[in-house]
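# A closer look at the structure
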Amino acid sequence: LFEGPWDFVWASTRIDDLPPMVSQEIAFAGRSNVGKSSLINALTRRNALARTSHTPGRTQQLNFFRQVGYDERLTIVDMPGYGYAAVGKEKVAAWTKLIHDYLRGRANLMRVYVLIDARHGIKDVDGDVLETLDKAAVSYQVILTKGDALKKSEQEAVIEATAEKIRRRPAAFPEVLLTSSEKGLGIPEFRAAIARTLAE
Ligand code: GDP
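Residues numbered from 1 in each chain as written. Predicted model: local features only at pLDDT ≥ 70, side-chain atom pairs only at ≥ 80, totals over all residues.

## Some details on the overall build of the protein chain
The following threshold applies: Going along the chain from the N terminus, every DSSP run of H or I of four or more residues is numbered as a helix, and every run of E of two or more is numbered as a strand. In this description, any two residues whose backbone-derived C-beta atoms lie within 7 Å of each other are considered to be in contact.
The helix and strand inventory of the protein chain stands at six helices and seven strands. Secondary structure elements of the protein chain occur, N-terminal to C-terminal, as β-β-α-α-β-β-α-β-α-β-α-β-α. If one aligns the C-alpha atoms of the protein chain with their principal axes, the spans along those axes are about 45 × 40 × 35 Å. Counted over contacts in the protein chain with a minimum sequence separation of 6, partners at least 24 positions apart contribute 74%.

This is the structure:
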């Protein structure tokens, strides 16, 4: 599923400008700086497929990636990072609308991976996103990032605490995965989890 070369295929800033639903889709969401670009790059083995937050132009749109001409069974969608304080209210409202419309109308969207910094856990702003996903009845899984910043015992504790926090959320997949893009921790497991989701 992840063997071939990934390409950037589409960017949308408006809901009437989404690419055709040619394959199953998974989407990545998370606060700015959570390590979303790094994780997408680690999964796809591409160094700069998803640009880091330092490239503002690409961060305000939905970016679509696919293995063009190779295995086109899967499209990866990079959603705009949220919770960035310096962004004006108007922009936040525009993003929120785009995200809501996308989540509600995308029949081929199999799961949203909500990335949470393992050092910080689920914050209020993340809780709002989980609430949105629950309301839209979009299946999602929480993925902890930057796991290398914690000791083994702390890693286990944060996995457990996070799983407990989402236990009653209706659209949450119960298993929480801990990853590190820098150290490759949990990346094969994450790829396997994605493959299982698509096979379901
Ligand atoms: P994005 O804004 O969510 O796309 O986050 P980036 O991928 O740009 O990463 C934000 C910051 O977190 C950068 O300074 C990265 O070096 C750092 N970072 C990303 N992944 C990891 C990781 O696995 N471990 C650690 N310790 N830092 C990471």
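## Topic: the sheet that holds strand E1 (residues 7-12)
Backbone-to-backbone hydrogen bonds join strands into a sheet, with any given pair of strands oriented parallel or antiparallel. Counted only if it meets this: Strand pairing is defined by DSSP finding a minimum of two bridges between the two strands.
Taking strand neighbours across the sheet as the criterion, the seven strands line up as E1-E3-E4-E2-E5-E6-E7 in an open arrangement whose pairing is mixed. Edge positions in the sheet fall to E1 and strand E7 (177-178), since each of these pairs with one other strand and no more. Across five bridges, E1 lies against strand E3 (residues 62-66) in antiparallel orientation. In the sheet register, phenylalanine 8 faces E3, and the bridge partner there is phenylalanine 65.

## Things to note about the pairing of strand E5 (residues 109-117)
Short version of the rule: Remark: C-beta atoms are placed from the backbone, and a residue is labelled buried if 20 or more other C-beta atoms sit within 10 Å of its own, exposed if 12 or fewer do, or partly exposed between those counts. Throughout, right-handed denotes a crossover for which the path from the first strand over the helix to the second runs clockwise when the strands point away from the viewer.
Across the nine residues that make up E5, a large majority, eight, are buried. Summarising the sheet, strand E2 (residues 24-30) and E5 pair through six bridges and their orientation is parallel. Bridge pairing in E5 places glycine 30 opposite leucine 115. One ladder, built from six bridges, connects E5 with strand E6 (residues 140-145); its direction is parallel. Bridge assignment links aspartate 117 to a residue of E6, and that residue is threonine 145. One crossover worth recording links E5 to the parallel E6 by way of helix H4 (residues 124-136), and it is right-handed.

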